[in-house]
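Geometric and topological summary
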Amino acid sequence: MGAMLVLWLKFAKELLLQLSFCSCCVRCIPPCTTCRFDLEMNVPNLNPNGIAKYYEFKSYKPESIIGISVNQFKSYLAQVTDWKQFRYIFNRAKTTDLDILKKEFQKVFINNAEQFWITNSDLMKKFKMPNGLLVKSKEEFLALVSRDNFYEQLSFIEF
């Protein structure tokens, strides 16, 4: 048992050495290219196992999500090619209902859908239409984000 613990501690130490922390600006006006995630895992080929590479930590009440920095979020969208590559981790002390957070974040998508499409249309095309097919066009994406259940696809939002 002791040998396994030592191996695990070595692995954890190596992993921690590969993390990058950011204390970049919270709001950037005009949009900047220096916005970075709070935590970046600098581990090559990490994502095949479904482990996110980028993490952003938020301590918002659900009603405050609408005020999230759109410029910062767009900067993050521009850095990834798959929704599995990043996570927005919300403070569970602010609400215990993940669906409420996702529904509030859906409003951010509704209000900024065209900007998000322009920022990374390939990423937006990874959302699924009600028929199960992937989004093909900006028009489909704009219609999709307004659907009542779109929030269910916001898998990057977690506690």
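What counts, and where the lines are drawn
- Residues numbered from 1 in each chain as written.
- Predicted model: local features only at pLDDT ≥ 70, side-chain atom pairs only at ≥ 80, totals over all residues.
- Heavy atoms only, no water.
- Helix = DSSP H or I, 4+ residues; strand = E, 2+ residues; numbered from the N terminus.
- Buried < 20%, exposed > 50% of the residue type's maximum accessible area, 1.4 Å probe, protein only.
- Contact = heavy atoms within 4.5 Å.
- Core = buried A, V, L, I, M, F, W, Y, C linked by side-chain atoms within 4.5 Å.
- pLDDT = per-residue confidence, 0-100.
- Salt bridge = Lys/Arg side-chain N within 4 Å of Asp/Glu carboxyl O.
- Arc of directions from axis to C-beta.
- Polar contact = N/O pair within 3.5 Å; in protein donor to acceptor, adjacent residues only side chain to side chain.
- Axes fitted to C-alpha atoms, helices over the stretch in contact; angles between N-to-C directions.
- Parallel < 35°, antiparallel > 145°, perpendicular 65-115°, else oblique.
- Left-handed = near helix turned anticlockwise from the far one by under 90°.
- Nonpolar A, V, L, I, M, F, W, Y, C, P; charged D, E, K, R; others polar.

**Notes on the environment of valine 80**
Tracing the sequence through the fold places valine 80 in the loop between α2 (70–79) and β4 (86–90). For valine 80, a relative accessible area of 2% gives the class buried. As for valine 80 and lysine 53, which are separated by 27 residues in sequence, their C-alpha atoms are 9.2 Å apart. Residues contacting valine 80, with those up to four places away along its chain left out, are Tyr54, Gln85, Phe86, Asn120 and Leu123.

**Comments concerning the nonpolar core**
For soluble globular proteins, nonpolar side chains are generally found buried alongside one another. With 33 residues, the main nonpolar core has Phe86, Tyr88, Phe105, Phe109, Met124, Phe127 and Phe156 as its most contacted residues. Elements that contribute at least two residues to this core include exactly α2, β4, α3 (98–119), α4 (121–124) and α5 (138–145). For phenylalanine 105, the residues in contact, after removing those within four places along its chain, are Ile65, Ile68, Phe73, Tyr88, Phe90, Leu154, Phe156 and Ile157.

**What to know about the confidence of the model for the protein chain**
When pLDDT is averaged along the protein chain, the result is 82, and 71% of the positions lie at 70 or above. Note that residues 20–32 has pLDDT below 50 and, in this model, 25 contacts with residues that lie over four places away or in other chains.

**Some remarks on the pattern of salt bridges**
Pairing between side chains of opposite charge can happen when their charged atoms approach one another. This structure, assessed with the given rule, holds five salt bridges. Residue glutamate 56 is joined to lysine 58 by a salt bridge in which the shortest nitrogen-to-oxygen separation is 3.1 Å. Across this residue pair, the class does not change: glutamate 56 and lysine 58 are buried. As a salt-bridge pair, lysine 126 and aspartate 82 come within 3.7 Å of each other at their nearest N and O atoms.

**Quick notes on α5**
Buried within α5 we find Phe141, Leu144 and Val145. Along the axis of α5, the buried residues cluster in a sector spanning 90°; they form a single face. Looking at the buried side of α5, the elements it contacts are α3 and α4.

**Notes on the side chain of glutamine 106**
The topology assignment puts glutamine 106 in helix α3. Take glutamine 106: its relative accessible area is 6%, and that puts it in the buried class. In terms of polar contacts, glutamine 106 uses its side chain to reach the backbone amide nitrogen of tyrosine 151, at 3.2 Å.

**Focus on the packing of α2 against α3**
Their axes nearest at 11 Å, the elements α2 and α3 cross at an angle of 55°. Classified by the angle between their axes, α2 and α3 sit oblique to one another. The handedness of the crossing between α2 and α3 is right-handed. Where α2 approaches α3, its residues Val70, Phe73, Lys74, Leu77 and Ala78 are matched on the opposing element by Phe105, Phe109, Asn112, Gln115, Phe116 and Thr119. Along the lines of polarity and charge, the residues of the contact of α2 with α3 split into seven nonpolar, three polar and one charged.

**Brief notes about the environment of lysine 107**
As for its position among the elements, lysine 107 is in helix α3. Judged by relative accessible area, lysine 107 falls into the partly exposed class, the value being 38%. Measuring from C-alpha to C-alpha, the distance between lysine 107 and tyrosine 151 comes to 9.0 Å, with 44 residues separating the pair along the chain.

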